[in-house]
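Survey of secondary and tertiary structure
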Amino acid sequence: MPRLSEVIAALENLWPAERAESWDAVGTVVGDPDQEVTRVLFAVDPVQEIVDEAVKLGADLLVTHHPLYLRGTTTVAATHFKGRVVHTLIKNDIALHVAHTNADTADPGVSDALAGALDLRVVRPLVPDPTDPHGCRGLGRVCELDHPLTVRELAARAAERLPATAQGIRVAGDPEAVVRTVAVSGGSGDSLFDQVRAAGVDAFLTADLRHHPASEAVAHGPLALIDAAHWATEWPWCELAASQLDEISDRHGWDLRVHVSKTVTDPWTAHAASTTAHPSPTTTLPTSASRAPSDTTGAPN
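To keep things clear, this report deals only with the structure shown in the data block. (Residues numbered from 1 in each chain as written. Predicted model: local features only at pLDDT ≥ 70, side-chain atom pairs only at ≥ 80, totals over all residues. Heavy atoms only, no water.)

**Structural notes on the overall build of the protein**
- Scanning the protein from terminus to terminus reveals nine helices and 11 strands.
- Rg of the C-alpha trace for the protein: 20 Å, near the compact-globule value of 19 Å for 301 residues, within the 12% margin.
- With the principal axes as the frame, the protein shows a C-alpha extent of 60 × 50 × 35 Å.
- For the protein, with 301 residues in total, the buried portion stands at 49%.
- Within the protein, contacts between residues at least 6 apart in sequence are counted, and of these 67% link residues at least 24 apart. (Helix = DSSP H or I, 4+ residues; strand = E, 2+ residues; numbered from the N terminus. Rg over C-alpha atoms; globule rule 2.2 N^0.38 Å. Buried < 20%, exposed > 50% of the residue type's maximum accessible area, 1.4 Å probe, protein only. Contact = heavy atoms within 4.5 Å.)

This is how it looks when you write it as structure tokens:
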């Protein structure tokens with residue numbers, strides 16, 4: 001059985017902490033370096049529901065994409081929900097390790113997993129990491145489709161391939177425009193519009209697009225925007241990361257049992273379609289918004 005310190009060393013090799021943004025909080029949050037690890041659970045969010053799943057699973061290590069304490073804290077008292085997470089982890093001898101922006105820019109990383117889920121061919125990073133001499137690391141990815149699709153068809157593919165959420169998939173731009181190239185960025189992506197325009201792609205698929213940046217981006221030109229839920233665009237990374245740890249475990253003879261949580265931790269839980277006659281949307285796209293998570297095939301439920 002490997003010790004936690006050995007498994008963490010392997011994870012740090014995949015996603016070195018020094019490659020995280022300066023504001024980020026990555027690395028090991030809870031855990032005894034000498035404890036043995038036999039079972040690992042990957043998830044997006046270190047929330048109580050996921051920690052309870054780790055307890056039920058008998059996991060020794062929980063690896064999440066999002067930090068537990070991004071802005072620091074002065075207490076881990078169980079009177080607060082984050083404190084309860086810490087107490088539950090420690091009481092059950094479960095370590096917590098976070099790979100956030102260092103996983104975003106990794107090769108392969110969060111956006112590679114997103115591109116893979118949509119059957120897009122990665123061409124290059126959207127925002128290259130200047131410290132990478134090979135030009136493979138960086139934020140976001142510029143991708144090509146195997147054959148042209150309309151914006152409507154690409155949105156439908158995203159609705160089909162990504163985990164179902166209450167939001168579903170939103171589109172800005174002409175639904176019938178043809179897409180041959182697309183930029184993708186898992187998580188919040190509306191800070192990247194300058195780089196997306198410079199890349200000259202036909203569409204940008206990301207999450208958390210706000211009104212004003214999206215409106216300005218569409219006004220700049222024919223760029224189509226495809227907006228999915230933040231959690232849904234990052235969940236494919238969990239499967240990628242789990243497969244990477246599986247390969248490391250096999251190579252070292254660790255015999256780890258590696259799992260991916262299919263618990264939906266997107267904060268939005270319901271969606272009500274607009275029915276008023278004034279004003280009315282110009283088009284309706286097929287999305288996952290009206291499906292319950294349990295209807296998803298090959299994705300979390």
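**Quick look at unusual backbone geometry**
- Omega for the bond connecting D107 with P108 falls within 30 degrees of zero, at 0°, which places this linkage in the cis form.
- Counting through the fold element by element, P108 comes out in the loop between α4 (101-104) and α5 (110-117).
- Notably, D93 is not glycine yet its phi reads approximately 55°, a positive angle.
- Of note, D93 is situated in the loop between α3 (81-91) and β4 (95-98).
- D93 gets classed as exposed once you look at its relative accessible area, which sits at 56%.
- In this structure, D119 is a non-glycine residue whose phi angle is positive, near 60°.
- Mapped onto the secondary structure, D119 falls in the loop between α5 and β5 (120-128).
- You can call D119 partly exposed: its relative accessible area is 45%.

**Looking at the sheet that holds strand β11 (residues 257-260)**
- Overall, mixed pairing links the five strands, which are arranged β1-β4-β3-β2-β11 in an open sheet. Of all strands in the sheet, those with a lone pairing partner are β1 (27-30) and β11, marking the two edges. For this sheet the average axis-to-axis angle between neighbouring strands, irrespective of direction, equals 25°.
- Summarising the sheet, strand β2 (residues 39-43) and β11 pair through four bridges and their orientation is parallel. Residue pairing for β11: F42 is matched across the bridge by V260.
- Along the sheet face, helix α2 (residues 48-57) touches β2, β3 (61-64) and β11 and points at about 160° away from the line of β2.
- The strands that helix α9 (residues 230-252) touches are β2, β3 and β11; relative to β11, the one it contacts most, it runs at about 175°. (Pairing = 2+ DSSP bridges. Axes fitted to C-alpha atoms, helices over the stretch in contact; angles between N-to-C directions.)

**So, the pairing of strand β9 (residues 203-207)**
- When you tally the buried positions in β9, you get five out of five residues, the bulk of the element.
- With four bridges joining them, strand β8 (residues 178-188) and β9 adopt parallel strand pairing. Its bridge partner being in β9, V184 is matched across the sheet by L205.
- Note that the unit made of β8, helix α7 (residues 193-199) and β9 has a crossover that is right-handed.
- Handedness of the β-α-β unit built from β9, helix α8 (residues 211-220) and strand β10 (residues 224-228) comes out right-handed. (Right-handed = clockwise from strand over helix to strand, strands pointing away.)

**A look at the pairing of β3**
- On β3, burial covers both faces: L61 and V63 on one face and L62 and T64 on the other are all buried.
- The pairing of β2 with β3 spans four bridges and is classified as parallel. Directly across from A43, in β3, lies its bridge partner T64.
- Tracing the backbone out of β2, into α2 and back to the parallel element β3 gives a crossover that is right-handed.
- Pairing analysis gives four bridges linking β3 to β4, with the strands arranged parallel. Among the inter-strand pairings, V63 is bridged to a residue of β4, identified as H97.
- Read from β3 through α3 to β4, the crossover connection turns out right-handed.

**Thoughts on the sheet that holds β5**
- Spatial ordering of the open sheet is given by β5-β6-β8-β9-β10-β7, a layout of six strands whose pairing is mixed. Every other strand in the sheet has two partners, leaving β5 and β7 (170-172) as the edge strands with one partner each. Adjacent strand axes in the sheet meet at a mean angle of 25°, parallel and antiparallel pairs treated alike.
- In terms of strand pairing, β7 meets β10 through three bridges, oriented antiparallel. Residue pairing for β10: V171 is matched across the bridge by I226.
- Running at roughly 120° to strand β6 (residues 138-150), helix α6 (residues 151-161) makes contact with β5, β6, β7, β8, β9 and β10 of the sheet.

**Examining the environment of V63**
- Within the element layout of this structure, V63 appears in strand β3.
- Each C-alpha atom of the pair V63 and H97 lies 4.8 Å from the other, and the pair is 34 residues apart in sequence.

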